[in-house]
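Structure at a glance
Each chain, letter by letter, is given below.
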Amino acid sequence: MPQISQLAATWASQLFWLVVTFGVVFFVVGRGMLPKVQKTIDARDHSIAADLAAASAARDEADKVEADWRVRDQANREKAQALVAEARQRAAKASEATLNAAGEEQAARIAAAEADIKAATQRALDEIEAVAAEATQDIVARVSGVQVSADEARGAVKAAMAHG
């Protein structure tokens, strides 16, 4: 068969062109383009690794700054609480001093008022005694016709007031 005898020539020609095409592709792609692509991939990997390292360093720095801030914030809160407690204590002392001064003033006023009341009561009693002595003199003079001295009338009124 003639087709079979041509098979060896056809195969040899196809094998030749396969090797030539493979060689061209190998040298163009494998030696020309692949190193450039690999170089780009390596550069990108290096850039990503550097960015990740910078981000990690920035995160660590941010964590450190946050921890420092938290320490300062806690210290400031404690100072503020101490100031508030001190202000409350000063206010309590000032209030206590004001209340004591007001209490002393009220006590002085009450003592003065009690003294005034006692003096007024004494004056009223003296006036009542004087009026009662005069009334006693008039009553004794009208009833018995005897004249009683003012001192005797006062003595009688004092004795009557003392016994109730």
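What you are looking at is a predicted structure, and each value in this text was computed from that prediction instead of being measured. (Residues numbered from 1 in each chain as written. Predicted model: local features only at pLDDT ≥ 70, side-chain atom pairs only at ≥ 80, totals over all residues. Heavy atoms only, no water.)

**Quick look at the overall build of the chain**
Under the convention used in this document: Runs of H or I in DSSP of at least four residues are treated as helices and runs of E of at least two as strands, each being numbered from the N terminus. A radius of gyration in this sense is built from C-alpha atoms; the matching globule rule multiplies 2.2 Å by the number of residues raised to 0.38. Categorising residues by exposure relies on relative accessible area from a 1.4 Å probe, with only protein chains included: less than 20% of the type maximum marks a residue as buried, more than 50% marks it as exposed, and the intermediate range marks it as partly exposed. Each accessible area is a Shrake-Rupley result for a 1.4 Å probe, and residues are judged covered by the shown protein chains and nothing else. Just so you know, the count uses Lys and Arg for positive and Asp and Glu for negative, and it drops His and the chain ends. All charge positions are set by atom: Lys at NZ, Arg at CZ, Asp at CG, Glu at CD.
Scanning the chain for helices and strands turns up two helices and zero strands. Computed over the C-alpha atoms, the radius of gyration of the chain is 63 Å, more than 25% above the 15 Å expected from 2.2 N^0.38 for a compact globule of 164 residues. Counting over 164 residues, the chain shows a buried share of 2%. Working note: accessible area of the chain is about 13900 Å², and carbon and sulfur atoms make up 63% of it. Looking at the chain, you have 19 positive and 23 negative side-chain charges, and the mean spots of the two groups are 16 Å apart.

**As for the pattern of salt bridges**
Heads up, the condition is: Salt bridge, as applied in this entry: a Lys or Arg side-chain nitrogen positioned within 4 Å of an Asp or Glu carboxyl oxygen.
Under the counting rule described, the total for this entry stands at five salt bridges. The partner of R70 in a salt bridge is E66, with the nearest N and O atoms 2.7 Å apart. Of this pair, R70 and E66 both sit in helix α1 (residues 2-143), four residues apart, which is roughly one turn of the helix. A relative accessible area of 35% places E66 in the partly exposed class. E129 is the partner of K158 in a salt bridge, and the nearest nitrogen-oxygen pair spans 3.8 Å. Taken together, the residues span a long stretch of sequence, with K158 in helix α2 (residues 150-163) and E129 in helix α1 at a distance of 29 residues. A residue is classified by how much of its surface remains accessible, and K158, at 47% relative accessible area, is partly exposed.

**Let's talk about the UniProt feature "coiled-coil region" (unreviewed entry) in the chain**
To keep things clear, this is the line we draw: UniProt positions are given in the numbering used here, feature names are shortened, and annotations may be inferred rather than shown by experiment.
When the UniProt feature table is mapped onto this chain numbering, "coiled-coil region" (unreviewed entry) sits at residues 77-138. Helix makes up 100% of residues 77-138 and strand 0%, with an end-to-end C-alpha separation of 88 Å.

**Comments concerning the UniProt feature "transmembrane region" (unreviewed entry) in the chain**
In the numbering used here, UniProt assigns the feature "transmembrane region" (unreviewed entry) to residues 15-34. For the annotated span residues 15-34, helix accounts for 100% and strand for 0% of the residues, and the straight-line distance between the end C-alpha atoms is 25 Å.

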